[in-house]
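Summary of structural features
Below are the chains, spelled out letter by letter.
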Amino acid sequence: MQISPNEDKISVAGSISNHQCNGEGLCFSDGQRKVDYVLVFHQRRHSSVRSSASTSMSQDQLSIVSNGNFPQLVGSDVAAGKGGGMPGGEAVSVGEVFMELGSAGGNEPTDTGDHEMCLIRQEFEANLLEAGLELERDSELKAHGPSFTRLHAPWPVLCREAEFLKIKVPTKTSYELKEESGFGSRMSAVWRKLNQPFQPKVPHQDHGCTKFLSDCFSRDKLHLYNITSKETFFDNATRGRIVYEILRRTVCVRTCQTIGISTLIAKGVYDAAFPLHDGDYRVIGHFEERNDRQVLHEEWARYSAFYKYQPIDLVRKYFGEKIGLYFAWLGVYTQLLIPASIVGIIVFGYGVATVDTNIPSLEMCDKHLNFTMCPLCDGACDFWQLSTACSTARASHLFDNPATVFFAIFMSLWAVLFLEHWKRRQISLSFSWDLTGIEEDEEHPRPRYETILLQKRQRKQKNKKKNEPEKMEDGTVTGKDRWKQKLLSAMTAGIPTATEKLTWKDRLPGYFVNVSSILFMFGLTFSAVFGVIVYRITVSALMAMSPDPETKSNVRVTVTATAVIINLVVILILDEIYGAMAVWLTELEIPKTETSFEEHLILKAFLLKFMNAYAPIFYVAFFKGRFAGRPGNYVYVFNDYRMEECAPGGCLIELCIQLSIIMLGKQLIQNNIFEIGIPKLKKLVRELKAKGSAEKEREEERPPQQWNLDYALAAFEGLTPEYMEMIIQFGFVSLFVASFPLAPLFALLNNVIEIRLDAKKFVTELRRPVAIRAKDIGIWYNILSGMGKFSVIINAFVISFTSDFIPRLVYQYMYSQTGTMHGFVDHTLSYFNVSNFKPGTAPQNSTDITVCRYKDYREPPWSPDAYQFSKQYWCVLAARLAFVILFQNLVMFLSLVVAWVIPDVPKTIMVQLKQEKKLLVEVFLREEKEKFQLIQSLFAKDTNLQPGSHVLHQGKAFPIPGLYSTLPSGPTKALTRDGGGEPRARFRAASFSQFTRKIPPLPRNENENSRHTAV
């Protein structure tokens, strides 16, 4: 359908009619219309097959598919008819507007499957044409490599879809933000001045005190919006989102499904679909003429900009709200790690400062006390002196000191403070980004869901045909089947046909596979942990049997270090396996929408990766050494190897080593090296694959356009991996922080690099994602909140059962005669009579030693209840449980107080929301009042005409009796023509602004905001 170039155009003040695109390859061949979206497909055909028509064409010639709004060039007398059809193979001149519905001659694909794909593409693009989009593609398909179809959304389509999607746009009405006064104002000015070096240099960044009201776009209120240019009123991200909405709801009958582009990509009809970047990210020319991508690269996606704040508003403008919220959340998390890191350094410094005055460490290092300890293994190991573990005891005090308890409480409150601060920040961003009050976008079913649903329908149709009653030649039902048919007809009469969908029965096999697979992977994780335990036990025993004294002395250090490295490698391997398995298992569940798919995937991936990352740490913190038994009655693995015990200084130092190596190794290897190396490797493979075909066509190729460059980039695969690595890191920072106070510092250093690494990846290495609206970070907030609460319990148990904090308090206030820690080490060691060793387990070189010591609270051998738990054990256990309850309730209470004191919505935002609502009501009331006065004036003029008359006033373009006509203004002959050569004018929604044409102004004052623009 060809449309007049003047139809549906709106006269707007300051409109730029001949807008030129900036950048190479960002526009159609006319240099005016922007490329809003690109569809990519591969046409497989023999390079030798070329028609004479195609070979005679110029290399720069393009065939343009348009809905008629594109003005034809002089000399082109071929117009697109209804459907845009034009015979294939006909020679055309450059600039002609037509749509190729098929290929002719030698251009036809030889493969039946390719021919079917071609027909589906043609039908899909014809439907896009009917939806109002304008298309352009190369007239000559390449023999090798991708072919591109460019899409452009004209102004009427943008307006229609913006109204449908309820996109908020700024109006002409503005108001002044309330400024602080007095001391607060002076402090804010000083703070802004101090922050100036850390601010990114973003052009046109609004730091003023004026804010424009925003409202959902409506074609009836165009005069209220500050439209200076139709080409720039909707930014590129919004234009891409609008086109994507059209693409994903466009029907293609040949696929037998209801979704458009996502189904076609899944079926291989198209290879990719993406919006274009705003040109090259490298700054060429004047620094002031940078596009948004170049500004982001210079001020955000460079490691040298690590000290600057993120330009979050520009990130949101370029990538959309969902990605903007991720980087805003990552920035808030990183900022709040600064105070946590400072406190952690102070706690660690306190341990370093007091290590030389710590009485238990001094007693362990005192050789004169002569604590003879029981052997660490059976037979081969000899008795040893406790003073040889002096270095372990001193290192343990660095992390196991009274300040650790304070730090655990602080970090539990820090987690609550972080979540509350993020809620406030999120609401502030929602207000400044005009996300308040938006509705959730309607989601279409996923391609796999519709495929399974289609298969279900086909099975039902087959079963229905099998169960149909037998019919005679004249079509009548015979015998008993006649009564059966009547009964079924009576039962189904009046019952509406329900919308067919997949039920739990259809998903039951997937659920069964999910549960069994998750249980299997849990078992695999525990098996890996158990395998490392067996490794530690066997290697410890083998090294203890070594005749080399140096090897014997380094048993514990060697075994601990190598076991942690093995744990790290296993975690990294299983992480990749579990990530792929989570996607596969989620596909088996057949979620209906992308949102439900993403939520199910996040829950599975988080559950599996959480168990994988923290299982070794949980073992060291709560299980190691607690089931080892005692001398003379040890617990054995495979009847030969003793269960491992904690170091003399306690298990906390081993927990610290385990946590630090896994955390640092995971961040360094997985989060950074993998993120940098794997994309580079994939890019290299793609370049090598495309190298051969590129060399063949290099001579006849034009310089690469933007769509060629963007297609060479990696596809955006979602934010789940980015969030996941940060959530796991948050667990390292919060769950076991009592054992490693430096964890926030290492997390801070990693995140400073991570922000710039992710920014560089989004700006330079990934195709531009579709801008997606989002009010919050979704299910990730619930996971963070749950981990924050779980961390309180974990830290309480770490302090109570893993560290020696509680035993020291019990000894000092219940058993110490001087009220000090003198004698604490002797108090924690029990006695064992070496004559009670089982045969073959006693040391072979033992001479005159009759009693050895071991760490536990048990009765001595001369007691009537020899080797049973002593009263001290039960006192310490009771104190530990009491501390867990007290710590948990105290921190939970303080967390509630913090959450109650800090309101979710900042006071300034609440004031501005009320002010905006009031101003919007005033604007709409004024608008309705003007409409009412306009209608009154029209009726007053109508009284001059005879009743029932349809005579038009001279110079007026609307019939007076039809005050609510939806016909556009214009010559009446365009409205009454039926058939003929000229098409009929397209109807559109009525607007009161159309009645203001050629009507004298009313005798009242009008401000700029209430003026009507002629439509």
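Along every chain, residues carry numbers that run from 1 in the direction the sequence is written. Note on the predicted model: pLDDT of at least 70 is required for a residue's local features to be given, and 80 or more for side-chain atom pairs to be given and counted; whole-chain, interface and lining totals, by contrast, use all residues. Just so you know, side-chain values use all the structure's heavy atoms and leave hydrogens and water out.

1. Looking at the state of the cysteines
Two cysteine sulfur atoms form a disulfide, by the criterion used here, when they sit within 2.5 Å. Going through the model one piece at a time under the given rule, you end up with three disulfides. In this model, Cys-365 is linked to Cys-390 through a disulfide, with the two sulfur atoms separated by 1.8 Å. Here the disulfide of Cys-365 and Cys-390 is right-handed, its torsion about the S-S bond being about 90 degrees. Of the two residues, Cys-365 is situated in helix α11 (residues 359-365) and Cys-390 in helix α12 (residues 390-399); the sequence distance between them amounts to 25 residues. Think of it this way: any DSSP run of H or I at least four residues long counts as a helix, any run of E at least two long counts as a strand, and we number them from the N terminus.

2. Some remarks on the packing of helix α22 (residues 720-734) against helix α24 (residues 779-802)
Interaxial angle, 0 to 180 degrees, is taken between N-to-C directions of lines fitted to C-alpha atoms, where a helix line uses only the stretch in contact. Two elements in contact, α22 and α24, have axes separated by 9 Å at closest approach and are oriented at 20 degrees. The orientation of α22 relative to α24 falls into the category roughly parallel. The handedness of the crossing between α22 and α24 comes out as right-handed. Contacts between α22 and α24 involve Thr-720, Tyr-723, Met-724, Ile-727, Phe-730, Gly-731 and Ser-734 from the first element and Trp-780, Ile-783, Leu-784, Met-787, Gly-788, Ser-791 and Asn-795 from the second. Think of it as three bins: nonpolar holds Ala, Val, Leu, Ile, Met, Phe, Trp, Tyr, Cys and Pro, charged holds Asp, Glu, Lys and Arg, and polar takes everything else, Gly as well. Of the residues belonging to the contact of α22 with α24, the class tally is eight nonpolar, six polar and no charged. We call two directions roughly parallel when the angle between them is under 35 degrees, roughly antiparallel when it is over 145, roughly perpendicular when it lies between 65 and 115, and oblique otherwise. A crossing counts as left-handed when the near helix is turned anticlockwise from the far one by less than a right angle, and as right-handed when that turn is clockwise. Contacts: residue pairs with any heavy atoms within 4.5 Å of one another.

3. Here we look at a nonpolar patch on the surface
On the surface, a cluster of nonpolar side chains totalling about 730 Å² of accessible area is made up of Val-190, Trp-191, Leu-194, Phe-198, Phe-306, Tyr-307 and Tyr-309. In this fold, Tyr-309 is placed in the loop between α8 (292-299) and α9 (312-319). Residues enter patches when their relative accessible area tops 30% and they take part in no salt bridge; the joining distance is 9 Å for like charges and 5 Å for the nonpolar side chains Val, Leu, Ile, Met, Phe, Trp and Tyr. Surface accessibility follows the Shrake-Rupley procedure with a 1.4 Å probe radius. Residue values consider only the protein chains on display as shielding. Should a side-chain nitrogen of Lys or Arg be within 4 Å of a carboxyl oxygen of Asp or Glu, the pair is scored as a salt bridge.

4. Points about the confidence of the model for the protein
One rule of thumb: low pLDDT means the predicted coordinates there are not for detailed reading. Per-residue confidence from the prediction method is given by pLDDT, with values spanning 0 to 100. Considering every residue of the protein, the mean pLDDT works out to 76; 75% of them sit at 70 or more. With pLDDT under 50 throughout, residues 490-498 is counted as low confidence; its partners more than four residues away or in other chains account for zero contacts.

5. Quick notes on the pattern of salt bridges
Once their charged atoms are close, side chains differing in charge can pair, the charge on each being opposite to the other. Going through the model one piece at a time under the given rule, you end up with 35 salt bridges. The shortest N-O distance in the salt bridge between Glu-134 and Arg-33 comes to 2.2 Å. Placement of the pair is Glu-134 in strand β5 (residues 134-138) and Arg-33 in the segment before β1 (37-42), with a sequence separation of 101 residues. Note that Glu-722 and Lys-761 form a salt bridge whose closest N and O atoms lie 2.5 Å from each other. In this pair, Glu-722 sits in helix α22 while Lys-761 sits in helix α23 (residues 743-765), placing the two residues 39 residues apart along the sequence. For Glu-722, a relative accessible area of 6% puts it in the buried group. Several salt bridges share partner residues, and in doing so they unite Arg-536, Lys-624, Glu-644 and Glu-654 into one network. Residue burial is assigned from relative accessible area. The probe radius is 1.4 Å, only protein chains are included, and a residue is buried under 20% of its type maximum, exposed over 50%, and partly exposed in between.

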